[in-house]
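# A look at the structure
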Amino acid sequence: MADQIPLSMTVNGQTRRGLGEPRLTLADFLREQAHCTGVHLGCEHGVCGSCTVLMDGEAVRSCLLFAVQADGADITTVEGLAPDDETLHPVQEAFRDCHGLQCGFCTPGFVVSVVAFLEANPDPSDDEIRHGISGNLCRCTGYQGIVAATRQAAAVMKGNES
Amino acid sequence: MVGLLAEHGDDAKPLAGGQSLVPLLAMRLTRFEHIVDLNRVDELFGVSPDNGGVRIGAMTRQATVETDTTVAERVPLLHLATPHIGHFQIRNRGTIGGSIAHADPASEYPAVMLAVDGVAEIASATGNREVPAAQFFESTFMTAVAPDELLVALRFSAWDQPAGFAFDEIARRSGDFALAGAAVGIGIDAEGRINRAAVGMLGVGPIPLRASSVEAALMGLDVSDADPAEIGRLAADDMDPIGDVHASVEYRRQAGSTLVGRVLANALAQVTTEAGNG
Amino acid sequence: MTQGAAAARYVGQSVKRLEDPRLVTGHGRYVDDIVLPGMLHAAFGRSDLARATITRLDTTEAEALDGVHAVYTGADLNSYNDSLRASLHSPESPAPPANMLAEGDVRFVGDPYVMVVAENRYIAEDALDLVEVEFEPLEAVVDYETAADSEHHVHPELGGNLAHDLPVPNPATEEAFENAAHTITETWHQHRQTNVPMETRGIVASWQPHAGVMEVWASTQSPHELQLVGARVLGIGEHKMVVHFGDVGGGFGQKMFLGREDMAVLVVAKLLGSPVKWIEDRRENLLASNHARIEQMTVKMAVGEDGSFLAADLDQLEDDGAYPLGGPATPGAMATMLYPGPYRMGPVSWRARTVYTNTCGRGAYRGPWQMESVAREQMIDRVARDIGMDPLELRRRNVLKPEDLPYQVSTGLFFETTISPEQTLEQAAEMIGYDEFRAEQAAAREQGRYLGLGMALYIEPTSMGMGPLGTESAMLRVEVDGHVNVFMGTGSHGQSLETTIAQLVADELGVRPEDVTLHQGHGSGYGFGTGGSRSAVIAGSAARAAASGVRDKVVAIAAHLMEASADDLEVADGVISVKGTPAASMTMAQVAATAYQNSDALPPGTEAGLEHTARYKAPPSTHSNACHICTCELDPGTGKVTLLRYVVSEDCGVLINPMVVDGQIAGGVVQGIGGVLYEHAVYDESGNPLASTFLDYLVPTAADVPELETGHVVVPSDTPGGHKGTGEGGAIGAPPAVFNAVADALAPFGVYPNRQPLDPNTVLSLIASSSSS
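Here is a short report on the structure shown in this document. Note that the structure is a prediction, hence the values are computed from the model and not measured.

## Quick look at the overall build of chain B
- On a plain count of helices and strands, chain B comes out with twelve helices and 13 strands.
- Taking 19 Å as the expected radius of gyration for a compact globule of 278 residues, we find that chain B reaches 19 Å, a close match to that expectation.
- The principal-axis extent of the C-alpha atoms belonging to chain B is close to 55 × 45 × 30 Å.
- Across the 278 residues in chain B, those meeting the buried criterion constitute 58%.

## Here we look at the packing of helix α7 (residues 223-234) of chain C against helix α8 (residues 260-272) of chain C
Residue and element names in this part refer to chain C.
- Contact geometry for α7 and α8: axes closest at 10 Å, N-to-C directions at 50 degrees. By the angle class used here, α7 and α8 are oblique. The interaxial crossing formed by α7 with α8 has right-handed handedness. From α7, Gly230, Val233 and Leu234 reach across to α8, where they touch Met263, Leu266, Val267 and Lys270.

## Quick word on the sheet that holds strand β14 (residues 309-319) of chain C
Residue and element names in this part refer to chain C.
- The mixed open sheet is built from five strands, whose spatial order is β7-β15-β14-β13-β8. A single partner strand is all that each edge strand has here, and the edge strands are β7 (162-168) and β8 (182-189). Neighbouring strand axes in the sheet, compared pairwise and without regard to direction, differ in orientation by 10 degrees on average.
- The sheet contact formed by β14 and strand β15 (residues 348-355) spans eight bridges and is parallel. The residue bridging aspartate 315 from the neighbouring strand is arginine 351, located in β15.
- Along the sheet, helix α6 (residues 172-179) contacts β8, β13 (295-303), β14 and β15; its crossing angle with β14, the most-contacted strand, is approximately 120 degrees.
- Packed onto the sheet, helix α11 (residues 371-387) meets β8, β13 and β14 and runs at close to 135 degrees relative to β8.

## Topic: the interface of chain C and chain B
- Taken together, the 19 residues of chain C in the interface contact 15 residues of chain B.
- Ranked by residue count, the leading element in the side of chain C that touches chain B is helix α20 (residues 760-772) of chain C, at three residues.
- Residues belonging to the side of chain C that touches chain B are distributed by class as follows: nine nonpolar, five polar and five charged.

Analysis parameters
- Residues numbered from 1 in each chain as written.
- Chains lettered and ligands numbered in written order.
- Predicted model: local features only at pLDDT ≥ 70, side-chain atom pairs only at ≥ 80, totals over all residues.
- Helix = DSSP H or I, 4+ residues; strand = E, 2+ residues; numbered from the N terminus.
- Rg over C-alpha atoms; globule rule 2.2 N^0.38 Å.
- Buried ≥ 20, exposed ≤ 12 C-beta atoms within 10 Å, placed from the backbone.
- Axes fitted to C-alpha atoms, helices over the stretch in contact; angles between N-to-C directions.
- Parallel < 35°, antiparallel > 145°, perpendicular 65-115°, else oblique.
- Left-handed = near helix turned anticlockwise from the far one by under 90°.
- Contact = placed C-beta atoms within 7 Å.
- Pairing = 2+ DSSP bridges.
- Nonpolar A, V, L, I, M, F, W, Y, C, P; charged D, E, K, R; others polar.

In structure tokens:
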């Protein structure tokens, strides 16, 4: 076994320290040491998108990063989006309103991806939405509710800004 | 960095964006004693103007290439090809150097580099060297970069003539590796005759390929005379496809040459516009 | 039946899901989120060969690795084999030999032969690399079409590869064929697909020595199957088997039964006395959980001059793989019985066979018998083409109309009066704009563009009431503060039962949905769980009955306390009031507090407490029906098919939550689209799987599927709420609808497909075959 390396990163605004082998993935660090179990592992080879988190503001697959690569980084997981325990992020609210989830397993990755997608493209067409979220797999919804939720979130977030 | 690679040779592997290497490690399909992470080597990042063209550090993220205005102006094919690479989350980590050094014959950047005669800057403990695209891709997943060397940057020159560019590919789903793809650049002289034709192909051989029959057929034609569908068919002879679970040899050859014709048509349409504007 | 019954207040509304706040914020609790003190992690070593003898297996080095607690082989675990059968599988039925780990030989790629338990998953997998194993390869049985005749036997113990052969001849068909104007024959092939829940399988098992209790958390659709079979495997009573049910990330049939790995984890947790977790990885899930849809049906149809369906002869063959999940199933027999579907069909004869092969075992996948709709609806379009009739017209001439109902099907099924196939056919045709599309299609063909339209009409047997599937129970308790806990044997894994059951209870009891919490797993009464489109009708009816029982008591108590007549009371949103005099009221909490804490104040003879348990027994089947129509454009240069529009008209009776119904349909439809156009769990000739990652097993993305348009026809069923099941239908109707659309787009080329998947490669070679012939 390789040596354990000290790790430190900001996760949802709090400093999280831990220890891990070089091969420890960021996803496993976040789940097991930062206790962000909303980071879901659906494939561990970078296709399904369930493990998507924001690293220094950009959406990335946390299963394709080693924890040591995120040392010092600012990570936001799905747990870090809602402003408080009673209020949902507009994207989370939209997923609920539009039935953008059924089993909920892919949902954290979708929510984080949609937050990042709308940041880059605040007023997307339906076609842009479908391509924008095509890096995340859902097996329950047929994407119908997820597309609708993205549409709603875009409208709400634009309204909030103006 | 290159010191580490020189020290460990075959036992070490440079880690760029990790979007191809890490899945192989996770599935235990490959393993290395040492992984050399390039993600904190600042001098490997960034796009800079270079002699009228651009120099792109190997660790420059695909997302940066996608949105960089210098790249879009001077190497339009890189700009056009990038959205076809995986998905935006992948492009946030994936790098141009990683993609080119990995040399998947179905990936986008190698075919673009080949089409527009990009140049690889390669460093090692003993010095630096440059390798043009035509000599860079040796066989499937194998390039001119030796185990103790590191790809540090790519250089592309701009086209100094009215030109048109187009890129497209056939993929099973949005973001998948291409079954076949084409990167086409067409340049014309003052009389509107084609004097530069660059046609790179992906997914239709063990390495990225140039459709030299297509290029030869285009040279000297008046841009409005070219029949892209017919000329595109010639690409079938330039291919050396490998069949897999997604598409047979025959499919790649047939659909691939149809695609070359379509992408060529798009590029020709662009060049007409450019010339008209200029 | 219920005093003061309130009008439906929540049923029929798209109530926002009670599950969602935790799930959208990452606070769901799935099995991999369970962490116990001292918990160890299991990993399985699996065969890379389809069929081979194990000539050497040495685990010494693996056992010696730091952090490894134990390594098990088949020899260590296979003494438990007598107890492994699923509860739907009768001990008398033929079955492959049961084992948890392969012993002596391996029978498909992915067959587990060694199990490591270590401090973490990384070390467990390191140890698997240290297991020394040698195989003597044997020729594998891969092609199910020839498996029955192969001299090589998947299970040598059985002496052959034929698992089932059910011939059901019917002499009446012979006369029909002799007199028919047209006899048309075709063999329809489906191909190997798999369920792909986004959460793979997984289980955590924790043994409490001396207490003799096994505590389990699992990703399951059926907590009671786990409790019943797990207890049997462990040799303990069900009262010592505690199954916790948390969030479950999809299943689509895959998680109805215990896998061999699940049982091994239970046994090993007991042997070791430490909690053990196993989380399947995606490669394991794609190679070794279950596959489905590997089947073909040869259909011979007798058709009259006017297009009437006179008779059918069916020959169904399906691949069970090596170890079918849940035991060898016979959906083929069901597929043949259901073949007549929503049409007057005349006599039918059939034969259904199942064979073993050296491939991943077959398992239930959303509409396991849907080959009936695939074969029938594709056959109808084929007949229409052959006899030169429009496929919608052909269906109109044969579809069951309201005046035909009830209808006795020649295969033995019976359709009640509450089905509506003709209505859904007409609604879907109107939604798609059938005639307009045909005009657009003709115009497009003039321009060298290839559009196609496909439709599928079907009747779905939901909520089947036989055997262990027949009943569900609900234990409902109004707590002292007036909030409601309901305990049920369901296993909601995306179906929204926490919300829909709460809606039913809310209406029946007179509370708000958010005042009701559904508890599944430990503490609930036996039920088969969630699958087979059974939860709305069977579990829902149980919940309704339990709520009704409590409501009667609430009203009686309130009437006594308020000195009012029970008939004058109404209950809504947790308030019991005198009709027309809202000021005269009391709350559910006041009634409950009286029932538990001041029982002397109850009406004379009233039992203290406010709880009721009800069990509902379902009728043999509750039929829902639907019509799917989709349109597509085919690119003749690349063979790529793009779906343009997709409409579904369905009748699931009374909708509990329209948003949830539409979601179930959309999910099933996209799985069906995936099956026809993208997904293929393909093996090579030697039995090597070629789609072992998400790069090769192509689950559709949002960019690959169209917007779905849904229409509803509501004919209430005869069950208490008037509901019909709807969970599986989308995946039943979509494959033939999509297939027919592509076949229609290919019509100008003079070719007719009979196999899936219709991937670009296949489509282009079909076109090429037309130009070369």
